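Here is what each chain is made of, one letter per residue.
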Amino acid sequence: MLSGLSEWFWQERLWFPKGLGWDDLRDRDGRVYAKAQDLWVALPIALMFLIVRQIFERTVATPLASLLGVKETVRLKVPHNPTLDSYYSNVTKSPTQTSMASLCQQTGFSERQVQRWFRRRRNQDRPSLLKKFKEASWRFTFYLLAFIAGLAALIDKPWLYDLKEMWEGFPVLTLLPSQYWYYMIELGFYSALLFSVASDVKRKDFKEQIVHHVATILLISFSWCVNYIRAGTLIMLVHDSSDYFLESAKMFNYAGWRNACNYIFIVFAAIFIVTRLVILPFWIIYCTWVYPVTIYEPFFGYYFFNGLLMTLQCLHVFWAVLIIRIAIRFLTHNEKVDDERSDRDETDESEEWEEEEDTKEIKKNRPVQNGHTVHNNNHSKME
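Per chain, residues are indexed from 1 in the order of the written sequence. Owing to the predicted nature of the model, reporting of local features is limited to residues with pLDDT of at least 70; listing and counting of side-chain atom pairs is limited to 80 or more, with chain, interface and lining totals taken over all residues. No hydrogens and no water enter the side-chain calculation; it runs on all heavy atoms of the structure.

> I'd like to hear about the overall build of the protein chain, residue by residue, with values.
In terms of helices and strands, the protein chain carries 13 helices and two strands. Classification of residues uses two cut-offs on accessible area relative to the type maximum, computed with a 1.4 Å probe and protein chains only: under 20% is buried, over 50% is exposed, and between them is partly exposed. Taking all 383 residues of the protein chain together, 46% fall into the buried category. Contact between two residues is taken to exist if any of their heavy atoms lie within 4.5 Å; hydrogens are not considered. Residue pairs at least 24 apart in sequence account for 79% of intrachain contacts in the protein chain once pairs closer than 6 positions are excluded. Where accessible areas are quoted, they stem from the Shrake-Rupley method and a 1.4 Å probe; at the residue level, only the protein chains shown are allowed to cover. When the accessible area of the protein chain is evaluated, it comes to approximately 20300 Å², of which 61% is carbon and sulfur surface. Only DSSP runs of H or I with at least four residues qualify as helices, and only runs of E with at least two residues qualify as strands; both kinds are numbered from the N terminus onward.

Here it is, written out as structure tokens:
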């Protein structure tokens, strides 16, 4: 059954134009072509990235964070309560008013105490600035090096300057060593991101990030198997060209360097819009969607490849709207830049309000003697 399914999946009429097939990609006369089994190399590379990341965060990112003034956030831990812990873990982190009344009856707490417990429990799960800084610095390092390496690999290639050259001689396009390593490293990195998503900082666009990672992995893998490598290298270069600016803006934001963060973010926004909303759809996708049908009849692989590209393009539009909103707020009202695309969520609320409310509650409940509040240094913040 599996052999029959594999034979159906890899049939030539699905992945190649009429008259072309897998025989055209067999190594001959010293010419080497991409093969599907090469993709297994990405798995040990992904594992290597996971290990290198841990070393990098401990030996590079943490000292850098200390140098820039980023410190580990110390948060109050809530006392263990079986009823509230069970509700928090199994039902919701933000109980409704009706549920609040039921929880008050079960625990004997006041509504105010239950609200405080849940607020502090959420803050307890909130990722620290140091954790976010280390994650941003790791991604910044990779995206910057990947962009430089990709540009070095493509700088002398004709299809970087004339996009129609990506189809010249297709599918009999010889694999170059630079293309091999560029592909395997990018595929390994995005695979590592997918593996680490559970432990990374969970942001507002978590689902969109998962879709992005999966679509990227499929796009890289498919373009490799059917030798769309020239198009694939251009797409990867365009994506890497702006991401390191975003990660560096995050790093400065976490370090409290507001002006540096704001201006780097504006540069990122400009590059993102030009590369993702202009170059990618009107140049690259045009040359993968419109131009090929002037050479070959459309086939399933043609639709599949461009469908993945359109999935990424929809995500780019979604993120571009958020980015433009942030940029407009900064340029028109001089507000500080917050990464609305990923960092602004419920767990990133300021604790100042909580501390202010706690202070009011403490003062309210302190005993009064002769018109003056009695100060008790042993008073617990958690009632």
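Still more to cover.
> Quick one: what's the story with the packing of aromatic side chains, residue by residue and with numbers?
Centres within 6.5 Å are what make two rings of Phe, Tyr or Trp a pair, Trp counting through its six-membered ring; a difference in plane orientation under 30 degrees is then read as stacked, over 60 as edge-to-face, and the rest as tilted. All chains considered together, the criterion is met by 33 aromatic pairs. A ring pair is formed by Tyr-302 and Tyr-303, whose centres lie 5.0 Å apart and whose planes are at 70 degrees; its orientation type is edge-to-face. A relative accessible area of 47% means that Tyr-303 is categorised as partly exposed. Taken together through their ring pairs, the aromatic side chains of Trp-15, Trp-167, Phe-170, Phe-222, Tyr-228, Tyr-296, Phe-300, Phe-304 and Phe-305 make up a single cluster.

> If you had to explain unusual backbone geometry to someone new, which residues and values would you point to?
The phi angle at Asn-227 is positive, at roughly 65 degrees, despite the residue not being glycine. As for its placement among the helices and strands, Asn-227 is situated in the loop between helix 9 (206-225) and helix 10 (229-255). What makes Asn-227 buried here is its relative accessible area of 2%.

> Describe in detail a nonpolar patch on the surface, supporting the description with residues and values.
Patch membership requires over 30% relative accessible area and the absence of a salt bridge. Like charges are linked within 9 Å, and nonpolar side chains (Val, Leu, Ile, Met, Phe, Trp, Tyr) within 5 Å. We count a salt bridge whenever a side-chain nitrogen from Lys or Arg sits within 4 Å of a carboxyl oxygen from Asp or Glu. Judged by side-chain polarity, Leu-2, Leu-5, Trp-8, Phe-9 and Trp-10 come together as a nonpolar surface patch covering roughly 560 Å² of accessible area. Structurally, Leu-2 is set in helix 1 (residues 2-9).

> Would you mind going over the pattern of salt bridges in detail, with residue names and values included?
What the rule picks out here adds up to six salt bridges. Close ionic contact of Arg-53 with Glu-57 constitutes a salt bridge, the shortest N to O distance being 2.9 Å. On the criterion of helical spacing, the pair formed by Arg-53 and Glu-57 is a turn pair, its members being four residues apart in helix 3 (residues 42-68). Each of the two residues, Arg-53 as well as Glu-57, counts as buried. When the shortest N-O distance is used, the salt bridge between Arg-139 and Glu-135 registers 3.6 Å. Of the two residues, Arg-139 and Glu-135 both sit in helix 7 (residues 129-154), four residues apart, roughly one turn of that helix. Exposure class is identical for Arg-139 and Glu-135. Each is buried. One continuous salt-bridge network, built from bridges that share partners, spans Arg-53, Glu-57, Glu-135 and Arg-139.

> Help me get a handle on the packing of helix 7 against helix 8 (residues 177-195), residues and values and all.
Lines fitted to the C-alpha atoms define the axes, with helices restricted to the stretch that makes contact. Angles between their N-to-C directions range from 0 to 180 degrees. Interaxial distance between helix 7 and helix 8 falls to 10 Å at its minimum, and their mutual angle equals 160 degrees. As judged from the angle between their axes, helix 7 and helix 8 are roughly antiparallel. In this structure, the crossing between helix 7 and helix 8 has a hand that is left-handed. On the side of helix 7, the interface is formed by Trp-138, Arg-139, Phe-142, Tyr-143, Ala-146, Gly-150 and Ala-153, while helix 8 contributes Ser-178, Tyr-182, Ile-185, Glu-186, Phe-189, Tyr-190 and Leu-193. Amino acids are sorted into nonpolar (Ala, Val, Leu, Ile, Met, Phe, Trp, Tyr, Cys and Pro), charged (Asp, Glu, Lys and Arg) and polar (every other residue, Gly among them). Along the lines of polarity and charge, the residues of the contact of helix 7 with helix 8 split into 10 nonpolar, two polar and two charged. Angles below 35 degrees are treated as roughly parallel, those above 145 as roughly antiparallel, those between 65 and 115 as roughly perpendicular, and all remaining angles as oblique. Less than a right angle of anticlockwise turn of the near helix away from the far helix marks a crossing as left-handed, whereas a clockwise turn marks it as right-handed.

> I'd like to hear about the nonpolar core, residue by residue, with values.
Proteins that are soluble and globular tend to have nonpolar side chains buried together. Working definition of a nonpolar core: buried Ala, Val, Leu, Ile, Met, Phe, Trp, Tyr and Cys residues. They are joined through side-chain atoms within 4.5 Å. Counting residues in hydrophobic clusters, the biggest one holds 62 residues, and the most contacted among them are Met-166, Phe-189, Trp-224, Tyr-228 and Phe-305. Those elements that place two or more of their residues in this core are helix 2 (12-15), helix 3, helix 7, helix 8, helix 9, helix 10, helix 11 (258-289) and helix 12 (300-333). Excluding anything up to four places from it in sequence, Tyr-228 contacts Trp-15, Trp-167, Phe-170, Tyr-183, Phe-222, Ser-223, Phe-299, Gly-301, Tyr-302 and Phe-305. Formed by 12 residues, the second largest nonpolar core is a distinct cluster that contains Ala-249, Ala-269, Trp-319 and Ala-320.

> With reference to specific residues and values, describe helix 6 (residues 111-125).
Helix span, as expected, comes to 1.5 Å for every residue beyond the first. With 15 residues, helix 6 extends 22 Å between its outermost C-alpha atoms, agreeing within 8% with the 21 Å of an ideal straight helix rising 1.5 Å per residue. In terms of residue burial, helix 6 counts as a mostly covered element, since 11 of its 15 residues are buried.

> Can you tell me about the packing of helix 9 against helix 10, naming the residues and giving the values?
Contact geometry for helix 9 and helix 10: axes closest at 8 Å, N-to-C directions at 150 degrees. In terms of axis orientation, helix 9 runs roughly antiparallel to helix 10. As helix 9 packs across helix 10, the resulting crossing turns out to be left-handed. Taken together, the residues of helix 10 that come into contact with helix 9 (itself represented by His-212, Leu-219, Ile-220, Ser-223 and Trp-224) are Ile-229, Gly-232, Ile-235, Met-236 and His-239. Taken together, the residues that form the contact of helix 9 with helix 10 break down as six nonpolar, four polar and no charged.

> Go over the environment of Leu-173, please, and point to the residues and values.
Considering the arrangement of structural elements, one finds Leu-173 in the loop between helix 7 and helix 8. Sequence separation of Leu-173 and Leu-25 is 148 residues, and the distance between their C-alpha atoms is 8.3 Å. Residues within four places of Leu-173 in sequence aside, it is in contact with Tyr-33, Met-166, Glu-168, Asn-227 and Arg-230.

> I'd love a proper account of the side chain of Arg-230, names of residues and values included.
With respect to the helices and strands, the residue Arg-230 is situated in helix 10. Aside from chain neighbours lying at most four places away, what touches Arg-230 is Trp-159, Glu-165, Met-166, Glu-168, Leu-173 and Gln-179.

Note that all results are geometric; they support no functional claim without further evidence.
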